[in-house]
Amino acid sequence: GALSYTWSHAIDTNLGGSSNNYFFSSPSPTLYNGNYLGVKGDASQDQRQRLVINWVWSPTFTRSTSLWAKFFVNNWQLATITTIASPLPLTETVNVQSNYPGIANTGFVTGYNGSGQVPWFGVNTLRLNDTTRVDARLTKILPFSERFRTLLQFEAFNLTNTIAYTGMLSTGYNATWTGTAATGHGTLSPATGLGTYTASGGFPDGTNARRMQASIRLEF
């Protein structure tokens, strides 16, 4: 068996591709144009803790060398991999429901086509749920000879059927403008549903569903 534990803290100046680090790109990773220190914070891949435990159990139930002992009683093997990890972060955002007049880009409260984060919050202040996953395999070994054996295997992925969410509603506020540019006013109000989970299909191999399979392996 083996046990590994990792603690880490990843910090960056927000994620952005090579094409969206300039003024009026769509969108820039900065809240205000070029202010990268203003979006310095926890990285999107900031997973603080991760524990992985794996072990293999091959018991010997009897010392007998009979065919019954070899093919039915002994030569069983149970193996598991358990992963327990802290959640990944998301950035809380502002949803501009109506255009603000008199600014360069009316889709953002800052007037700049940049990050949609809540201006007075940092990046990645929300967190998804913890990850807990157990994969297991039960194997029956049929040793026909020293050079040839057959392995009957039964495997279960996500044995506990635990959901690892990959998305949530991150809109914290709605911004609206009423009236004209000269006489109107803007309103910022809390949004409903913040923190509601919306997706669970991606981690770690495309699905969260418990899956089982049986197989036969020949070794010679």
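This section reports on the structure supplied with the text.

Turning our attention to the sheet that holds strand 5 (residues 76-85). The six strands lie next to each other as 1-4-5-9-10-15, forming an open sheet whose pairing is antiparallel. Bordering the open sheet on either side are strand 1 (2-7) and strand 15 (211-219), each of which pairs with just one other strand. Sheet twist, expressed as the average angle between the axes of neighbouring strands with direction ignored, equals 10°.

A word on a nonpolar patch on the surface. On the surface, Trp55, Trp57, Phe61, Trp76, Leu138, Phe154 and Met212 cluster together into a nonpolar patch covering about 730 Å² of accessible area. For Leu138, the position within the fold is in strand 9 (residues 131-143).

Residue placement: Gln47 occurs in the loop between strand 3 (41-42) and strand 4 (49-57). A relative accessible area of 19% places Gln47 in the buried class. At a separation of 3.3 Å, a polar atom in the side chain of Gln47 contacts the side chain of Arg50. Apart from the residues within four sequence positions on either side, Gln47 is in contact with Ser8, Ala85, Ser86, Pro87 and Leu88.

Moving on, we get to the sheet that holds strand 13 (residues 185-190). Taken in spatial order, the three strands make up an open sheet running 7-12-13, and their pairing is mixed. Each edge of the sheet is formed by a strand with only one pairing partner; in this case those strands are strand 7 (93-96) and strand 13. Averaged over all pairs of adjacent strands, the angle between their axes in this sheet comes to 25°, without regard to strand direction. Pairing geometry for strand 12 (residues 171-178) and strand 13, over six bridges, is antiparallel. Paired with Tyr173 across the two strands is Pro190, which belongs to strand 13.

This part takes up the packing of aromatic side chains. The final tally for this structure, using the stated rule, is six aromatic pairs. Ring plane angle 65° and centroid distance 5.9 Å describe the contact between Trp120 and Phe121, whose orientation is recorded as edge-to-face. Exposure remark for Trp120: the relative accessible area of 48% places this residue in the partly exposed category. On the accessibility criterion, Phe121 (29% relative accessible area) is partly exposed. Ring pairs connect the aromatic residues Phe71, Phe144 and Phe148, which therefore count as one cluster. The ring centre of Trp76 lies 5.5 Å from the NZ or CZ of Lys140, which sits over that ring.

Take the pattern of salt bridges next. Side chains bearing opposite charge may pair, as long as their charged atoms lie close to each other. For the structure on display, the rule yields eight salt bridges. Of the charged contacts, one joins Arg48 and Asp46 as a salt bridge, the two residues approaching to 2.7 Å between their closest N and O atoms. Arg48 sits in the partly exposed class, given a relative accessible area of 25%. Across the salt bridge formed by Glu219 and Arg149, the nearest N and O atoms sit 2.8 Å from each other. Here Arg149 lies in strand 10 (residues 149-157) and Glu219 lies in strand 15, a separation of 70 residues in the sequence. What makes Arg149 partly exposed here is its relative accessible area of 31%. Each member of the salt-bridge network shares a partner with another, and the members are Asp42, Asp46, Arg48 and Arg127.

Mapped onto the fold, Ser200 is located in the loop between strand 14 (197-199) and strand 15. For Ser200, the contacting residues outside a window of four places in its chain are Ile163, Ala164, Tyr165, Thr166 and Asn208.

A word on unusual backbone geometry. Positive phi, close to 55°, is recorded for Asn158, a residue that is not glycine. Following the sequence through the fold, Asn158 ends up in the loop between strand 10 and strand 11 (167-168). Under the relative-accessibility criterion, Asn158 is labelled buried at 1%. Despite not being glycine, Asn161 has its phi angle at roughly 55°, a positive value. Relative to the assigned elements, Asn161 resides in the loop between strand 10 and strand 11.

What counts, and where the lines are drawn
- Residues numbered from 1 in each chain as written.
- Predicted model: local features only at pLDDT ≥ 70, side-chain atom pairs only at ≥ 80, totals over all residues.
- Heavy atoms only, no water.
- Pairing = 2+ DSSP bridges.
- Helix = DSSP H or I, 4+ residues; strand = E, 2+ residues; numbered from the N terminus.
- Axes fitted to C-alpha atoms, helices over the stretch in contact; angles between N-to-C directions.
- Patch = residues over 30% accessible without salt bridge, like charges linked within 9 Å, V, L, I, M, F, W, Y side chains within 5 Å.
- Areas by Shrake-Rupley, 256 points an atom, 1.4 Å probe, with all protein chains shown as cover.
- Salt bridge = Lys/Arg side-chain N within 4 Å of Asp/Glu carboxyl O.
- Buried < 20%, exposed > 50% of the residue type's maximum accessible area, 1.4 Å probe, protein only.
- Polar contact = N/O pair within 3.5 Å; in protein donor to acceptor, adjacent residues only side chain to side chain.
- Contact = heavy atoms within 4.5 Å.
- Phe/Tyr/Trp six-rings, centres within 6.5 Å; stacked < 30°, edge-to-face > 60°.
- Lys NZ or Arg CZ within 6 Å of the ring centre and 35° of its normal.

That is the geometry; function is a separate question.
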